Amino acid sequence: MTLAAGAAMTVLGTTLLVTDQFRQSKPTLTQTSQILDTSVQPTAAGAVSVEEALARRRSIRDYADKPLSLEQVMQLLWAAQGITLPTYGFRTAPSAGGTYPLELYVVTKPSGVDGLETGIYQYDPRDHRLARTSSGDFSGQLMAAALDQEWVGAAPANLVITAIFERTTAKYGERGIRYVWQESGHAAQNIYLQAVALGLGNVVIGAFHDSEIQRILNLSDFEKPLYVIPVGVLKKP
């Protein structure tokens, strides 16, 4: 099914607006975003094997009272959506038709991430950098939006995965809805495995008020939240 620009489609309770504005996979950084040159490059080598990370993967909801490092946060973002073949723009997670509908945000608490001021940041995978879209502590609002799940408020940082569905449905029609959800799962599992390799804990959350997440992140109507993922340092046994 091909949809004309300006049309709307509702699937599984999600209304998708179709417009040429979002047919490219360019990050939706606002004009007021502050681009941060982190100078932190991802690593493709680690001490934990894929097999070990799979065996140790767990959903962790209790974290040590310690900040994350900027290197850890950037590595997690790279694991989810980082560029692995710049010539073609291929990423760490597969995407139907290379449409790349996902966007990634980091919501930090005060002193939650060494080297980052408290606020909301969007990840730009093309340049492996962050852009601050909002300043201030939004962790309490994020926890309230996630039905008061306390680990959201307790984590030093939360990753939020969103999607602009029309990037994929413009090519695949209604079937593209399924592809976007599948892709979000690929990215989330990458975050899980990378967290294990970094000695961190995390949990994926799907129970939240969509409209509240959109408000907190200042998302457009075209961009829908899919996951909230609290991340923190593991507590010592």
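First, a word on what this report is: a plain description of the structure on this page. (Residues numbered from 1 in each chain as written. Predicted model: local features only at pLDDT ≥ 70, side-chain atom pairs only at ≥ 80, totals over all residues. Heavy atoms only, no water.)

Once that is clear, we can look at the overall build of the protein. Regarding its fold elements, the protein presents seven helices and 13 strands. Buried positions account for 49% of the 237 residues belonging to the protein. When contacts within the protein are restricted to residue pairs at least 6 apart in sequence, those whose partners lie at least 24 apart make up 72%. When the accessible area of the protein is evaluated, it comes to approximately 11200 Å², of which 49% is carbon and sulfur surface. (Helix = DSSP H or I, 4+ residues; strand = E, 2+ residues; numbered from the N terminus. Buried < 20%, exposed > 50% of the residue type's maximum accessible area, 1.4 Å probe, protein only. Contact = heavy atoms within 4.5 Å. Areas by Shrake-Rupley, 256 points an atom, 1.4 Å probe, with all protein chains shown as cover.)

Let us look at the pairing of strand β11 (residues 157-164). Across the eight residues of β11, eight count as buried, placing the element largely inside the fold. Burial along β11 is two-sided: the face carrying A157, L159, I161 and A163 and the face carrying N158, V160, T162 and I164 are both buried. The sheet contact formed by strand β7 (residues 102-108) and β11 spans seven bridges and is antiparallel. Within β11, the position partnered with V107 by the bridge is N158. (Pairing = 2+ DSSP bridges.)

In the structure shown here, the tally under the stated rule is eight salt bridges. Note that R167 is salt-bridged to E103, the shortest N-O span being 2.8 Å. Linking R167 in helix α5 (residues 166-172) with E103 in strand β7, this pair joins segments that are 64 residues apart in sequence. The burial state of R167 is the same as that of E103; both residues are buried. Where R129 meets D124, a salt bridge forms, and the shortest distance between an N and an O atom there is 3.5 Å. Look at R129 and you get partly exposed, because its relative accessible area is 29%. (Salt bridge = Lys/Arg side-chain N within 4 Å of Asp/Glu carboxyl O.)

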